[in-house]
Amino acid sequence: MTEQACRECHRIVEGLVCPICGSSSLSKDWAGYIVVIDPRGSEIAAKLGITLPGRYALKVR
Amino acid sequence: MSETSIYVVKTTANQERAVANLVAQVARKEKLDIRAILVPDVLKGYVLVEASAPEIVEQAIQGVPHARSVIKGASSFAEIEHFLTPKPAVVGISEGAIVELISGPFKGEMARVKRVDIAKEEITVELFEAMVPIPITVRGDHVRVLSKEETQR
C-alpha cells in the first residue's frame, strides 16, 4: 500500500487518521522525504517547524 | 546544541527513501548523532544527512544496502535550504507555451497552454491533434515544456 501523508502536519502516516494532529485529511500524492531523528538539534527540522521526530513529506498535494 | 553540517550520501537510484529509513534505524539503534535525513525528489541517487561529523555518517552507512559512499566535504545549511521549499510544478510554464503531455490518456500528445493555475498547480491545455479545441486540465508535472513561445491570442 502506498504510504499517505497528512495534509496538515506533512507527517507520513500509517492508517486512516494522523496520530499527531488527528486530521483525517491524508494524501497519497506527496513528494520529498525527511526523516527527523533529533528535532531539537536539527536545522532542517527548525526551518520546517518540525518539533517531533518521525517521517515527513516536503510537499503534500 | 553542537553545530551540524550536511553530508551527501551517494545511493543507488530510486533507493533513496529505503536508504534514509535504514540509516535512521541504524542511527537510533547505535545512538549516533544524526539529526535528520533529507531526500529531495529532484536529487536522484543522493541522500542528505544532517550530522555533526562525517565519521558518524560513514559509520551509519556501513552495511546499509544501496548506500554507496559519503561524498567528501560538507555542505552548509544555506546550500541545501532551497530543497526545503519545493517550487510549484507549474513554474516555467507560461500561457501560450507548447508542451508535451508525458502521462495520462493523452501521453505523447502536443498541446498549447491556455491557462495556468499556480495555486492548484494545474494547467489547461488544448491538444493540437484534436478536431475541435477542447480544453483539458492536467497537472503541471504531467507535461514537458517544448517551447516557451507566446501566442498571438
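As the structure is a prediction and not an experimental result, all values here were calculated from the model. (Residues numbered from 1 in each chain as written. Chains lettered and ligands numbered in written order. Predicted model: local features only at pLDDT ≥ 70, side-chain atom pairs only at ≥ 80, totals over all residues. Heavy atoms only, no water.)

Asks: Residue-level account of unusual backbone geometry, with values.
Replies: Residue and element names in this part refer to chain B. Although it is not a glycine, Lys-31 sits at a positive phi angle of roughly 55°. Checked against the element boundaries, Lys-31 lands in the loop between helix H1 (16-29) and strand E2 (34-39). For Lys-31, a relative accessible area of 72% gives the class exposed. The phi dihedral of Glu-121 falls on the positive side, at around 60°, and the residue is not glycine. Secondary-structure assignment places Glu-121 in the loop between strand E6 (110-117) and strand E7 (122-127). (Helix = DSSP H or I, 4+ residues; strand = E, 2+ residues; numbered from the N terminus. Buried < 20%, exposed > 50% of the residue type's maximum accessible area, 1.4 Å probe, protein only.)

Asks: Which residues make up the interface of chain A and chain B, and what values go with them?
Replies: Taken together, the contact pairs 21 residues of chain A with 29 residues of chain B. In total, chain A and chain B occlude about 2300 Å² of area from one another, counting both sides; carbon and sulfur atoms represent 56% of this. The closest approach of N and O atoms between A:Asp38 and B:Arg35, which form a salt bridge, is 3.8 Å. At the surface where chain A touches chain B, the tally comes to 13 residue pairs in polar contact (both at pLDDT 80 or more). Per element, the largest residue contribution to the side of chain A that touches chain B is seven residues, and it comes from strand E4 (residues 30-36) of chain A. (Contact = heavy atoms within 4.5 Å. Buried area = accessible area lost by both parts, 1.4 Å probe. Salt bridge = Lys/Arg side-chain N within 4 Å of Asp/Glu carboxyl O. Polar contact = N/O pair within 3.5 Å; in protein donor to acceptor, adjacent residues only side chain to side chain.)

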